[in-house]
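# Coordinates in review
Chain by chain, the residues run as shown.
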Amino acid sequence: MHNFRADIDSEVFKVKEFGKPIYFAVGENIASNINQMVLRKPDGTEITKAVTTGTSQYSSPTKGLMAANTYVTYTPVKDEIDVAGTWHVRVTSASGTTYLKKTEWQQLIVKP
């Protein structure tokens with residue numbers, strides 16, 4: 001397992017908020033990999049979700065330009081963001097069956 005750069009671009013969420021994407025840059029081309037986002041709730045419970053790899057450049061208002069194929073997005077669904085507090089988010093990326101990379105955990109603040 002190897003780690004790679006992590007850079008989350010997200011505003012503060014509110015409990016029960018959904019439909020707003022989380023953008024997560026990893027700093028290298030992961031387009032041909034199997035990618036997932038792991039959301040860890042304040043109580044330690046983890047939710048693993050399939051993500052979409054960004055196939056065009058994205059200009060983040062807080063992080064600048066994210067190059068195509070170097071970031072992923074996940075959009076929480078209704079009732080998924082269900083508790084206030086400090087959540088943590090990371091991306092895993094697998095190439096083949098034995099090569100797995102993980103980003104460092106990044107904070108995601110959820111307000112009541």
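Our structure is the block above this text.
Residues numbered from 1 in each chain as written. Predicted model: local features only at pLDDT ≥ 70, side-chain atom pairs only at ≥ 80, totals over all residues. Heavy atoms only, no water.

## Some words on the sheet that holds strand E2 (residues 7-9)
Paired through backbone hydrogen bonds, the strands of a sheet run either parallel or antiparallel to each other. Selection criterion: Any two strands with at least two DSSP bridges between them are considered paired. Going along the chain from the N terminus, every DSSP run of H or I of four or more residues is numbered as a helix, and every run of E of two or more is numbered as a strand.
Taken in spatial order, the four strands make up an open sheet running E2-E4-E10-E7, and their pairing is antiparallel. Of all the strands in the sheet, just E2 and strand E7 (52-53) have a single pairing partner and so form its edges. As paired elements, strand E4 (residues 22-25) and strand E10 (residues 71-74) share four bridges and run antiparallel to each other. Residue pairing in the sheet places Tyr23 in a bridge with Thr73 of E10.

## Remarks on the pattern of salt bridges
Applicable threshold: Here, a salt bridge means any side-chain nitrogen of Lys or Arg that lies within 4 Å of a carboxyl oxygen of Asp or Glu. Relative accessibility under 20% of the residue-type maximum defines a buried residue, over 50% an exposed one, and the middle range a partly exposed one, all with a 1.4 Å probe and only protein chains included.
One pass over the structure, following the stated rule, counts six salt bridges. Note that Asp79 and Lys16 form a salt bridge whose closest N and O atoms lie 3.5 Å from each other. Pair noted here: Asp79 is in the loop between E10 and strand E11 (85-95) and Lys16 is in the loop between strand E3 (13-14) and E4, with a separation of 63 residues, a long-range link. Judged by relative accessible area, Asp79 falls into the partly exposed class, the value being 43%. On the basis of relative accessible area, Lys16 is assigned to the partly exposed category, the value being 46%. We note a salt bridge from Glu28 to Lys101, for which the minimum N-O separation is 2.5 Å. Of the two residues, Glu28 sits in the loop between E4 and strand E5 (34-40) while Lys101 sits in strand E12 (residues 99-103), which places them 73 residues apart along the sequence.

## Digging into the pairing of E5
Note that E5 and E11 share seven bridges and pair antiparallel. By the bridge assignment, Met37 is partnered in E11 with Val91. Where E5 and strand E6 (residues 46-50) come together, five bridges link them in antiparallel fashion. Residue pairing in the sheet places Met37 in a bridge with Lys49 of E6. Connecting the antiparallel pair E5 and E6 is a turn made up of five residues, with Gly44 showing a positive phi of about 95°.

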